[in-house]
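Take a look at the letters that make up each chain.
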Amino acid sequence: MLNNYAKPVLALVVIVTAVYFNGLSNDFVMDDWPVIAENSKLDSARYISDYFSSGVWKNTDIGSEQDTFLYRPVFLLTLYLAKQSFGNSPFGFHALNLALHLVNTVLVFFLVIRLSKTNSPLLAVFASLFFALHPVRVESIGWIAGITDPLVTCFILSSFIFYLKHLSLIQNTAANRLYLAISLMFFVLALLSKEVAVMLPFVMVAHSAFLGNEQGQGLNHKPTLFYIGLFFLVLIVYFIIRKIALGSTIALTSFSMTGVFHLFSFVGEYIKLLFIPWPLNYYYAVPENGILQLWGAIFTIAILLASAWFVIKRKFTDRLMLFSACWFGFTLLPSLSLAFYTEPNFSIRYLYLPSIGLAFVVPQLIESIYIRHKKTTIVTCSGILLMFSFLTLYANRTWQNEYTFYSHAMAVTPKHAGPVAGLATYYQRNNKNQKAIEYYLKTIELGDKPTRVSALENIGLIYGLSGDVAKSTEFYTKAYNIAPNRSTVLVGLGNNAWSRKDFQAARSFYEKAYRADKTNYEAA
C-alpha cells in the first residue's frame, strides 16, 4: 500500500516543507523562554522523574504558582530530548515541530483514504493539504511551545489508525492483539502529552455508531464495545495518576451566563476561522459591547440548532459527515471550557486537531464535481490552497521573534493585556528598562488581577536591579496589597529590606515567602 502512494506522500512532504520553511529561522517566543530556553529542569536527566509526578510549570524555574492543571510528562520529555540534541538553538526545535506536522499530514492522508473510500489519491492530497497548509496551523508549528498540538495529534492519529487496523482483522490473531496493544500505547502517550486526548474514546464510540455498522462493528457489537471499554479503562487510570500528581483530575471553572455567551461566540469564531482564516487573532478580545456579543452568540446557536434540525427532521444519513462533525466537536470541547474563565482564553491552535474532521469529508464534497469538471475542480482547489499558502507564509514571519509577534498581536487586539505584557517582557529581557516599565504600566490598565500583580512585580524587579530600592519597594508593595501570599513578591520585599539593612524585616518577608511556597529556594 505504501508503494502505491509513494508519489502523493512525497508531494505532500515537499509542498508542506516549502510553505513552512521560512519559519525555521524564527526565534524563541512567549512561553518558549521559561519552558525551554531558560528552563534548567531540561538540562539534566535527574529531573525526568519530576515530569511524571508534577505539572508543567512546576518543572520550570518559575515554580509551582502557575501549576494548575497541565499534566504533560511526555511533552516535557520531548523538550528534554530536543534540548539535549539541539541545545538552545531555536532552529532545531522549529525543525522538530515541522517534522511532526509532516508526519501528521501523511497520517491524515491515509485516514482520508480509509474513511472516505475515495479512489482518487489526488482528492486525498487536496484534503491533506487543506489540513496542512491552513493558516490556523501556524501557531502550533511556528511557536515552539505549541508542539503540544502536533505531538498529541501524532499520537491520537496513530492510536486511531492502529485501532481501525485491529478492527479490520476479523480473526483474533496475534497480529490483531498486537495492533490493539500498539493503539493503547499511543493513547497513553497522547494522554501524557496534552489533555485533549481524553476525547479519543468518545471519537471511537462515534466511529462505531456511524461507520462501524458497515463492517458489523457498531455499538451493538459486543467485541467492539469491549475494545472501546479498554480505552475508557486506561482513561480512568490516567485520571487517578493525574489526581496523585496534581491533586485534581480536571480543571473546573465556575458556570455563568456570561461564560455561555462567550462559549457560543468562541464556537462561531472557530467555525469562521476554518473558512475565513484572517485576521489571525492570537489574543481574542471578548467584545466589550454586550449586545454585539449577545447577537454573535445567538447567531451561532441558531446555526447549530438549524444543523441539528436538518440532521434529525430531514433524516440526514451521510454517516461520514456525522462522524466528521463528532470528531470536530469532541476534540474542540475541552478548549471551550476556557470560555468560562475570568479572562476567557481563545486560541487558534485549539483548531489543530478538530479541523482534521473537516479534511475527512473534503473528497466526498468535491468528488461529484471532480468527475464532471476535472480541470475546473483542480484549478479551484489549487487556488484555495495557494491562498492558504501565501497567508501561512506571511503568518510565519509574525512569529519571527517576540517583537514581531507581540506588535502584530497588539495591532489586531489593542485592548488585550497579553501582547502588551509580552512586549514589556521583551524589552525587559533586552535591557530596555524604560520601555519595559512603560508597557508594564499599560498592562496594569488592561489586565486582570494576576496580570496586574505580575506587571507590578516586574516593575519592582527592574527598579530593584537598577538600585532604586524606594521605587522597587513601592511597586512590590502594590503587588503585595493585591496578592499578599505571592511568594516571589514577598522575596522581592525581603531583598529590598535586606538592601536597607533592615535584616529583621527581611527575615520576616523571607519566612512568609517560604510558607507561601516551600519550593521557592530563594526564600529558603
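Residue numbers run consecutively from 1 along every chain, following the written order of its sequence. In keeping with the model being predicted, local features are shown solely for residues with a pLDDT of at least 70 and side-chain atom pairs are shown and tallied solely at 80 or more, while totals for entire chains, interfaces and linings include all residues. Where side-chain values are given, they derive from all heavy atoms of the structure, hydrogens and water being excluded.

(A) Just the overall build of the chain, in detail. Think of it this way: any DSSP run of H or I at least four residues long counts as a helix, any run of E at least two long counts as a strand, and we number them from the N terminus. Along the chain, the regular secondary structure elements total 23 helices and zero strands. Buried, partly exposed and exposed residues are distinguished by accessible area as a fraction of the type maximum, computed with a 1.4 Å probe on protein chains only: under 20%, between the cut-offs, and over 50%, respectively. Going through the 524 residues of the chain one by one, you find that 50% of them count as buried. By definition in these notes, contact holds between two residues if any of their heavy atoms fall within 4.5 Å. Sequence separation of at least 24 residues holds for 71% of the intrachain contacts in the chain that already meet a minimum separation of 6. Only the protein chains shown count as cover for residues, and the accessible areas themselves come from Shrake-Rupley with a 1.4 Å probe. Put simply, the chain shows about 24,300 Å² of open surface, and 64% of that area lies on carbon and sulfur atoms.

(B) Structural detail: the nonpolar core. F109, L115, F160, Y163, F323, W327 and F360 are the most contacted members of the largest nonpolar core, which has 157 residues in total. Per-element tally for this core: the top contributor is helix α5 (residues 90-116), with 13 residues. For the purposes of this section, nonpolar cores are sets of buried Ala, Val, Leu, Ile, Met, Phe, Trp, Tyr and Cys residues that join through side-chain atoms within 4.5 Å.

(C) Structural context of the pattern of salt bridges. Take a side-chain nitrogen of Lys or Arg and a carboxyl oxygen of Asp or Glu: if they are within 4 Å of each other, that pair is a salt bridge. For the structure on display, the rule yields 13 salt bridges. Here E195 makes a salt bridge to R242, at a shortest N to O gap of 3.4 Å. Of this pair, E195 sits in the loop between α9 (174-191) and α10 (200-210) while R242 is found in helix α11 (residues 222-246), placing the two residues 47 residues apart along the sequence. When salt bridges that share partners are traced, they join E38, E402 and R429 into one network.

(D) Examining the packing of helix α1 (residues 6-20) against helix α16 (residues 374-398) more closely. One can describe the packing of α1 onto α16 by two numbers: an axis separation of 8 Å at closest approach and a directional angle of 45°. On the basis of their axis angle, the class for α1 and α16 is oblique. On the side of α1, the interface is formed by A18, V19 and Y20, while α16 contributes S389, T392, L393 and N396. Just so you know the grouping, Ala, Val, Leu, Ile, Met, Phe, Trp, Tyr, Cys and Pro go in nonpolar, Asp, Glu, Lys and Arg go in charged, and all remaining residues, Gly too, go in polar. Tallied by class, residues from the contact of α1 with α16 come to four nonpolar, three polar and no charged. Helix axes are fitted to C-alpha atoms over the stretch in contact, other axes to C-alpha atoms as well, and angles between N-to-C directions run from 0 to 180 degrees. Roughly parallel here means an angle under 35 degrees, roughly antiparallel means over 145, roughly perpendicular means 65 to 115, and every remaining angle is called oblique.

(E) Spatial organisation of the packing of helix α21 (residues 469-482) against helix α22 (residues 487-499). Orientation of α21 relative to α22, taken along the N-to-C sense of each, is 150°, at an axis distance of 9 Å. Here α21 is positioned roughly antiparallel relative to α22, judged by the angle of their axes. The way α21 lies across α22 gives a crossing that is left-handed. Within the contact between the two elements, α21 uses V469, S472, T473, Y476, T477, A479 and Y480 and α22 uses T488, V489, L490, G492, L493, N496 and S499. Left-handed is the label given to a crossing in which the near helix is rotated counterclockwise from the far helix by less than a right angle, and right-handed is the label when the rotation is clockwise.

(F) Expanded view of α10. Residues of α10 that are buried include every one of L200, P201, V203, M204, A206, H207 and S208, and no others. On its buried face, α10 is in contact with α5, α8 (148-168), α9, α11 and α14 (319-336).

(G) Region of interest: the packing of aromatic side chains. Stacked, edge-to-face and tilted are the three classes for Phe, Tyr and Trp ring pairs, Trp counted by its six-membered ring, which pair at centre distances within 6.5 Å; planes under 30 degrees apart are stacked, over 60 edge-to-face, the rest tilted. Applying the stated criterion to the full structure yields 31 aromatic pairs. Consider the rings of F226 and Y227, whose centres lie 6.0 Å apart with planes at 65°: the pair is edge-to-face. By relative accessible area, F226 is classed as exposed at 52%. In this scheme, Lys NZ or Arg CZ marks a charge over a ring once it lies within 6 Å of the ring centre and within 35 degrees of the ring normal. When the ring centre of F475 is taken as origin, the NZ or CZ atom of K478, which lies over that ring, is 4.9 Å away.

(H) Quick peek at α5. The length a helix should cover is 1.5 Å for every residue beyond the first. With 27 residues, α5 extends 38 Å from end C-alpha to end C-alpha; this agrees with the ideal 39 Å at 1.5 Å per step. For α5, a buried count of 21 out of 27 residues is recorded, marking the element as mostly surrounded by other parts of the structure.

(I) Molecular detail of the confidence of the model for the chain. The predictor's confidence in any single residue is recorded as pLDDT, a number from 0 to 100. Chain-level statistics for the chain give a pLDDT mean of 84 and a share of 86% at 70 or above. This model gives residues 287-293 a pLDDT under 50, and the stretch forms seven contacts once residues within four places in sequence are excluded.

(J) Highlighting a nonpolar patch on the surface. Exposure above 30% relative accessible area and no salt bridge define the residues that can form patches, which grow by joining like charges within 9 Å and nonpolar side chains of Val, Leu, Ile, Met, Phe, Trp and Tyr within 5 Å. Taken together, L233, I236, V237, I240, I241 and I244 make up a surface patch of nonpolar side chains, about 580 Å² in accessible area. Examined against the element boundaries, I236 turns out to sit in helix α11.

(K) Looking closely at the environment of P121. Of note, P121 is situated in helix α6 (residues 121-133). Residues P121 and Y5 lie 116 residues apart in sequence; the distance between their C-alpha atoms is 7.6 Å. Setting aside residues up to four positions removed in sequence, P121 forms contacts with Y5, P8 and F109.

(L) How the structure looks around empty space enclosed by the protein. Lining residues are defined by having an atom within 4 Å of a point belonging to a cavity or pocket. Those points lie on a 1 Å grid over the protein atoms alone, cavities being sets where a 1.4 Å probe fits but cannot get out and pockets being open sets with protein on both sides within 12 Å along at least five of seven lines. Grid points are joined across faces, edges and corners, and a volume is the space filled by probe spheres set on the points. For the structure on display, the rule yields one cavity of 30 Å³ or more. When its volume is computed, the largest cavity comes out at roughly 60 Å³. Taken together, Y20, G23, L24, H94, L98, I141, G142 and N396 form the lining of the largest cavity. Here the residues of the lining of the largest cavity sort into four nonpolar, four polar and no charged.

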